[in-house]
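Residue strings, one per chain:
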Amino acid sequence: MNRFLKSIGVFLVIFFSITAVSAETLTEKLKNGGKLRLGFGTAVPWAYAGDSGEPLGFVNMIALTVLEEMGITKDQMEFKTFEWSGLIPGINAGRSDIITGGMYITPKRCKSMNFSDPIGVFGDAMMVPKGNPKGIYNYADVISKGAKLVTGAGFNTVAAAKKYGVPDSQMMFVEGEVGILAAMKAGRADAAVQTLFGAKEHVAKSNGMFEIADPKKMPEETLNVVGMGFRKTDVEFRDNFNKALAKVMANPAKMLKRAGEYGYGEAQFQPAHMTTAWACNR
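The paragraphs below set out a description of the structure included in this document. Being a predicted model, the structure only gives us computed values, none of them experimental.

In this structure, L36, F58 and F237 are the most contacted members of the largest nonpolar core, which totals 64 residues. Tallying contributions element by element places helix α3 (residues 58-69) first for this core, with 8 residues. Apart from the residues lying within four places of it in its own chain, the contact partners of F237 are L26, T27, L30, L36, L67, M70, I72, I98 and F230. With 15 residues, the next largest nonpolar core counts V128, A161, V166 and A191 among its residues.

So this is what it looks like as structure tokens:
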């Protein structure tokens, strides 16, 4: 009986220890000396890892600038890369604390996690072979031409393509930006839909194989705002992050110098009405 009671006691100690750790908020974790884990998917030039695993890309540069404004330096952080489709499951499983990577704020994602205030407004575009032989500029063209369209699993463009009626038989889903470029180079797809920034990066590296179809011919509703992702339990940290973000955006010279290396500029500053609440509810 004593051995049984001791076993129960050990179990309860372990159980409540695990529960206490899992219940710890990010604010508490940092106060207790823990490190903030910044997670991001590989989406050049939005966010990606350097040769030593360091965070690169304009979204990461904005995140680092805001965290510095909060007094959190790189030596208080760890950096983790994820497959794009694993970003949200990863943060909710506690494998990261903040996620970047150029994630559009959408109603579906808002149900799974909290977002910061937006860092900018961005649109999507079609990347096509040089000369655009099939005349593909938007989802309607994909349907009418019977074209095969590739995009990233978990990208907002999956829902957009379905909304505009692209059938599953004309869709191809791959892992992130790297998979999109590989599919296009192999000729397995006639067009790729992705962010305009991602398309520009691929075209620049394609040695003339691809071009960007006129993005103004994409549906207006494809304009989106981007934010950083937080767990639902980290409201206090998210709110403090937003306060620091507002200070950075009010005096953006340092941030623009860093993020500008990757193509981000004042043209991305969103109109006042394009808030996180607007994006979560539209």
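Where empty space is left in the structure can be found by rolling a water-sized probe over the atoms. What the rule picks out here adds up to 1 cavity of 30 Å³ or more. Among the secondary structure elements, those contributing two or more residues to the lining of the largest cavity are α7 (156-163) and β11 (191-195). When the residues that make up the lining of the largest cavity are grouped by side-chain class, the tally is 5 nonpolar, 6 polar and 3 charged.

The subject of this paragraph is the packing of α3 against helix α10 (residues 235-250). For the pair α3 and α10, the least separation of the axes is 8 Å and the interaxial angle reads 100 degrees. Taken together, the axes of α3 and α10 are roughly perpendicular relative to one another. Between α3, through A63, T65, V66, L67 and E69, and α10, the contact on the second element is made entirely by F237, F241, A244, L245, K247 and V248. For the contact of α3 with α10, the per-class residue count stands at 8 nonpolar, 1 polar and 2 charged.

Definitions and cut-offs
Residues numbered from 1 in each chain as written. Predicted model: local features only at pLDDT ≥ 70, side-chain atom pairs only at ≥ 80, totals over all residues. Heavy atoms only, no water. Core = buried A, V, L, I, M, F, W, Y, C linked by side-chain atoms within 4.5 Å. Buried < 20%, exposed > 50% of the residue type's maximum accessible area, 1.4 Å probe, protein only. Helix = DSSP H or I, 4+ residues; strand = E, 2+ residues; numbered from the N terminus. Contact = heavy atoms within 4.5 Å. 1 Å grid on protein atoms, 1.4 Å probe; cavity = no way out; pocket = protein on both sides within 12 Å on 5 of 7 lines; lining within 4 Å. Points joined across faces, edges and corners; volume = space filled by probe spheres on them. Nonpolar A, V, L, I, M, F, W, Y, C, P; charged D, E, K, R; others polar. Axes fitted to C-alpha atoms, helices over the stretch in contact; angles between N-to-C directions. Parallel < 35°, antiparallel > 145°, perpendicular 65-115°, else oblique.

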